[in-house]
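Spelled out, the chains give:
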Amino acid sequence: MYQREYLYEITGLPTTRNLPLITEWPEVGLEPVTTHLVLPDPSELANAIISLP
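Residues numbered from 1 in each chain as written. Predicted model: local features only at pLDDT ≥ 70, side-chain atom pairs only at ≥ 80, totals over all residues. Heavy atoms only, no water.

Caption draft 1: Looking closely at the overall build of the protein. Within the protein, the secondary structure is distributed over one helix and two strands. Ordering the α and β elements of the protein from the N terminus gives β-β-α. Per-residue burial for the protein yields a buried fraction of 6% across its 53 residues. Split by element, the accessible area of the protein, about 5,200 Å² in all, is 58% carbon and sulfur. (Helix = DSSP H or I, 4+ residues; strand = E, 2+ residues; numbered from the N terminus. Buried < 20%, exposed > 50% of the residue type's maximum accessible area, 1.4 Å probe, protein only. Areas by Shrake-Rupley, 256 points an atom, 1.4 Å probe, with all protein chains shown as cover.)

Caption draft 2: View of a nonpolar patch on the surface. Where nonpolar side chains cluster on the molecular surface, the patch consists of Val28, Leu30 and Val33 and spans about 240 Å² of accessible area. Checked against the element boundaries, Leu30 lands in strand S2 (residues 30-38). (Patch = residues over 30% accessible without salt bridge, like charges linked within 9 Å, V, L, I, M, F, W, Y side chains within 5 Å. Salt bridge = Lys/Arg side-chain N within 4 Å of Asp/Glu carboxyl O.)

Caption draft 3: Spatial organisation of the pairing of strand S1 (residues 18-25). Bridge count for S1 against S2 is seven bridges, and the pairing is antiparallel. Looking at S2, one finds that Asn18 is bridged to Val38. (Pairing = 2+ DSSP bridges.)

Caption draft 4: Quick peek at the pattern of salt bridges. If you walk through the whole model with that rule in mind, you get one salt bridge. Asp41 is paired through a salt bridge with Arg17; the nearest N and O atoms lie 3.6 Å apart. Of this pair, Asp41 sits in the loop between S2 and helix H1 (42-48) while Arg17 sits in the segment before S1, and the two are 24 residues apart along the sequence. For Arg17, a relative accessible area of 40% puts it in the partly exposed group.

Caption draft 5: Quick look at the environment of Pro20. In this fold, Pro20 is placed in strand S1. Given the relative accessible area of 38%, Pro20 is considered partly exposed. The spacing of Pro20 and Thr35 is 15 residues in sequence and 5.7 Å in space, taken between C-alpha atoms. Not counting chain neighbours up to four residues away, the residues in contact with Pro20 comprise Thr34, Thr35 and His36. (Contact = heavy atoms within 4.5 Å.)

Caption draft 6: Structural view of the environment of Thr23. Looking at the secondary structure, you find Thr23 in strand S1. Look past the residues within four positions of Thr23 in its chain and what remains in contact with it is Glu31, Pro32 and Val33.

Printed below as a string of structure tokens:
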């Protein structure tokens, strides 16, 4: 069975360019794996956000 589960949400903009993303699926033997997302500078990121209604 595959199920998405989000343990937390990011509220507000990150203050760093490096955002670690950790995934795991212990039921099938997948140990935690960390991927580092590199975001634009926080000032550029704020200008690129499009608000949803």
